[in-house]
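Analysis of the macromolecular model
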Amino acid sequence: MSEQKPISPWNYKPWWCQPWSILLTGVTLISGSWILFKIIWLTILVCVPILTWMGFFLLIWPQLMKSSGALESLHEE
């Protein structure tokens, strides 16, 4: 009995589009905004789109890829 590993959408993405790089980029941009300007409303303006982007690519996109069945067709090749 061979045990199959779950298919991960991250296996098909380059290094710069992996969860660690998305988190690192988001945290760097948000903290950089605060360190440079020390203005809360500006940091919030930077934070909202970046957290939206991170949330989509770290939480929603992987689930969409798994449920779409696109990964199974790539995995069979």
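Source: prediction; values computed, not measured.

1. Things to note about the packing of aromatic side chains
For the structure shown, the criterion picks out 3 aromatic pairs. On the numbers, 5.0 Å between centres and 85° between planes, the contact of Phe56 with Phe57 is edge-to-face. By relative accessible area, Phe56 is classed as partly exposed at 32%.

2. Some thoughts on a nonpolar patch on the surface
A grouping of Trp34, Ile35, Leu36, Phe37, Ile39, Ile40, Trp41, Ile44, Leu45 and Val48 is seen on the molecular surface, where their side chains present a nonpolar patch of about 1100 Å² in accessible area. Those elements giving two or more residues to the nonpolar patch turn out to be helix H1 (19-37) and helix H2 (40-68). Broken down by element, the nonpolar patch gets its largest block of residues, 5 residues, from H2. Assessed through its relative accessible area of 36%, Trp34 is described here as partly exposed.

3. Topic: the packing of H1 against H2
Look at H1 against H2: their axes get within 9 Å of each other, and the N-to-C directions meet at 175°. With respect to H2, the axis of H1 lies roughly antiparallel. In this structure, H1 uses Pro19, Ile22, Leu23, Thr25, Gly26, Leu29, Ile30, Ser33, Trp34 and Phe37 to contact H2, whose residues at the interface are Ile40, Leu42, Thr43, Val46, Cys47, Ile50, Leu51, Trp53, Met54, Phe57 and Leu58. In terms of residue class, the contact of H1 with H2 is built from 17 nonpolar, 4 polar and no charged.

Scoring rules and cut-offs
- Residues numbered from 1 in each chain as written.
- Predicted model: local features only at pLDDT ≥ 70, side-chain atom pairs only at ≥ 80, totals over all residues.
- Heavy atoms only, no water.
- Phe/Tyr/Trp six-rings, centres within 6.5 Å; stacked < 30°, edge-to-face > 60°.
- Buried < 20%, exposed > 50% of the residue type's maximum accessible area, 1.4 Å probe, protein only.
- Patch = residues over 30% accessible without salt bridge, like charges linked within 9 Å, V, L, I, M, F, W, Y side chains within 5 Å.
- Areas by Shrake-Rupley, 256 points an atom, 1.4 Å probe, with all protein chains shown as cover.
- Salt bridge = Lys/Arg side-chain N within 4 Å of Asp/Glu carboxyl O.
- Helix = DSSP H or I, 4+ residues; strand = E, 2+ residues; numbered from the N terminus.
- Axes fitted to C-alpha atoms, helices over the stretch in contact; angles between N-to-C directions.
- Parallel < 35°, antiparallel > 145°, perpendicular 65-115°, else oblique.
- Contact = heavy atoms within 4.5 Å.
- Nonpolar A, V, L, I, M, F, W, Y, C, P; charged D, E, K, R; others polar.

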